[in-house]
Amino acid sequence: MKQAEDYLNSLMEAAMDEFRQFEEEMERMSMAEMKCLEETTEKAREMGNLEEKSSIFASKKYIDVAV
């Protein structure tokens, strides 16, 4: 009986170790994805700012030519 309990305990420990490794890998993957999304967001924000500046510049040129 003791041998069966020890075997069951070793299986449980192995399963828990595998679960912890899975959790760590998922955490690394989610952090990498979040970083990628943050970088994409920052690039989109910068592009939006540039488009706004170019629109303002074009509007001013249009007004200057019209006047």
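Residues numbered from 1 in each chain as written. Predicted model: local features only at pLDDT ≥ 70, side-chain atom pairs only at ≥ 80, totals over all residues. Heavy atoms only, no water.

**Points about the overall build of the protein chain**
Phase 1 of the analysis: Looking only at helices and strands, one finds one helix and zero strands in the protein chain.
Phase 2 of the analysis: Overall size of the protein chain, expressed as C-alpha extent along the three principal axes, is 100 × 10 × 5 Å.
Phase 3 of the analysis: Here the protein chain has roughly 6600 Å² of accessible surface; of this, 62% comes from carbon and sulfur atoms. (Helix = DSSP H or I, 4+ residues; strand = E, 2+ residues; numbered from the N terminus. Areas by Shrake-Rupley, 256 points an atom, 1.4 Å probe, with all protein chains shown as cover.)

**Some points on the pattern of salt bridges**
Phase 1 of the analysis: As enumerated under the stated definition, the model contains four salt bridges in all.
Phase 2 of the analysis: With a closest N to O distance of 2.8 Å, D17 and R20 form a salt bridge. Taken together, the residues span about one helical turn, with D17 and R20 both in helix α1 (residues 2-66) at a distance of three residues.
Phase 3 of the analysis: Here E25 and R28 are joined by a salt bridge, their closest N and O atoms 2.8 Å apart. Remark: R28 and E25 occur in helix α1; sequence separation between them is three residues, near one turn of the helix. (Salt bridge = Lys/Arg side-chain N within 4 Å of Asp/Glu carboxyl O.)

**Focus: the environment of E23**
Phase 1 of the analysis: Structurally, E23 can be placed in helix α1.
Phase 2 of the analysis: Judged by its relative accessible area of 43%, E23 falls in the partly exposed class.
Phase 3 of the analysis: Each C-alpha atom of the pair E23 and K43 lies 30 Å from the other, and the pair is 20 residues apart in sequence. (Buried < 20%, exposed > 50% of the residue type's maximum accessible area, 1.4 Å probe, protein only.)

**A closer look at a nonpolar patch on the surface**
Phase 1 of the analysis: Side chains of M16, F19, F22, M26 and M29 sit close together on the surface and give an oily, nonpolar patch of about 490 Å² of accessible area.
Phase 2 of the analysis: Residue position: M16 is located in helix α1. (Patch = residues over 30% accessible without salt bridge, like charges linked within 9 Å, V, L, I, M, F, W, Y side chains within 5 Å.)

**Let's talk about the environment of S55**
Phase 1 of the analysis: Summarising the element assignment, S55 is placed in helix α1.
Phase 2 of the analysis: Distance from S55 to A14, taken between C-alpha atoms, is 61 Å for residues 41 residues apart in sequence.

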